[in-house]
Structures are given as C-alpha cells and as structure tokens.
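The lines below spell out each chain.
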Amino acid sequence: MLSALEVITTVVVGVMVGVEFSVAFVMNPIFNALPEDSNQLAHAHGGRMLGAVMPFWYIGSLVLAGIWAVAGWHHHGTGLVVTAAALLIVSVIMSILLLVPINNRNKNWTPENRPEDWKEQMNRWDRFHYVRVAVIIAAFALLVSALA
C-alpha cells in the first residue's frame, strides 16, 4: 500500500510541476506575444481556469506528501518526503499571499476595466511564479529521490 501511495504522490506532484512549468515557460510567453487586448484576455481566462483547479491540486499534493511521511515514518527516505512536504507548504503560502491576490484581480479584467499597471502586475505575478515553480520542482525532486 505504501508503494502505491509513493507512486501516486510522485505522479500527482510531477504533473502539477509540468503544468506550472508549462504556464511559466510556454503559455505565458505565447500569451505575451499576442496583441495587448488578446494578451490580457488570455491571461484572465487562464487565471480563471487554473485558479479554479490549482488550489485543490496544491493542497492535495501536500496532503498526499503528508500521508506518505506519516505512513512511511520508519522507512528509508522519510526525511526527503518531510522536506518535500515543507516545500509544498512554502508553495501554498506563496500562492495564498503573493500569487492568488494578483490572479483574483486579473481574472476579472477586460480591456475596458483593466488598470493602467496591469502589465506590471502580471510581471510581478510571473516573478513570483518562477520562484514557486523552482520550489515545487525541488519538492518533486525530493519525492523522486525518496523512491530510490
């Protein structure tokens, strides 16, 4: 049973990392290459779509890592899993304090109501997101290492 939990947790976190990596290094550069109105509308739509799913994914990943740490407490690699869970906590805190407030504003913007500093706000979101991606990649790497 523990082996199945380890694999499921690693896959769930790995797919989350892939999605967030894609947002940072594929989707946002595509959106940013669009004309200004289309760019902003694409960011808003992405914020609505992923903003609805990612909270469950981040919390679910954290819960799975926590269960793995408890269930495998006396097994090899538990320290790596605990450290990965701590990094996932950091990613959740970053999300709540830094990224979600910007996303909550952005997802309701239109070309008619967006603030003048909307690009600056999106650039700030991108910078925070790059850090969050690095944090969850580190958590994923630790989970993979704990499997060995």
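Residues numbered from 1 in each chain as written. Predicted model: local features only at pLDDT ≥ 70, side-chain atom pairs only at ≥ 80, totals over all residues. Heavy atoms only, no water.

Novice: Got a sec to walk through the pattern of salt bridges? Specific residues and values, please.
Specialist: Applying the stated criterion across every chain yields a total of five salt bridges. Here E36 ties to R114 by a salt bridge, and the two come within 3.2 Å at their closest N and O atoms. With E36 in helix α2 (residues 36-71) and R114 in the loop between α3 (78-106) and α4 (118-147), this pair connects stretches of sequence that are 78 residues apart. A relative accessible area of 17% places R114 in the buried class. Here R114 and D37 are joined by a salt bridge, their closest N and O atoms 3.0 Å apart. In this pair, R114 sits in the loop between α3 and α4 while D37 sits in helix α2, placing the two residues 77 residues apart along the sequence. One salt-bridge network, in which partners are shared between bridges, spans E36, D37, R114 and K119. (Salt bridge = Lys/Arg side-chain N within 4 Å of Asp/Glu carboxyl O. Helix = DSSP H or I, 4+ residues; strand = E, 2+ residues; numbered from the N terminus. Buried < 20%, exposed > 50% of the residue type's maximum accessible area, 1.4 Å probe, protein only.)

Novice: Outline a nonpolar patch on the surface, listing residues and values.
Specialist: Where nonpolar side chains cluster on the molecular surface, the patch consists of F21, F25, V26, M27, I30, Y130 and I137 and spans about 610 Å² of accessible area. Those elements that provide at least two residues to the nonpolar patch are α1 (2-32) and α4. Considering every element that reaches the nonpolar patch, the biggest residue donor is α1, with five residues. Residue placement: M27 occurs in helix α1. (Patch = residues over 30% accessible without salt bridge, like charges linked within 9 Å, V, L, I, M, F, W, Y side chains within 5 Å. Areas by Shrake-Rupley, 256 points an atom, 1.4 Å probe, with all protein chains shown as cover.)

Purely geometric stuff here, so don't read any function into it on its own.
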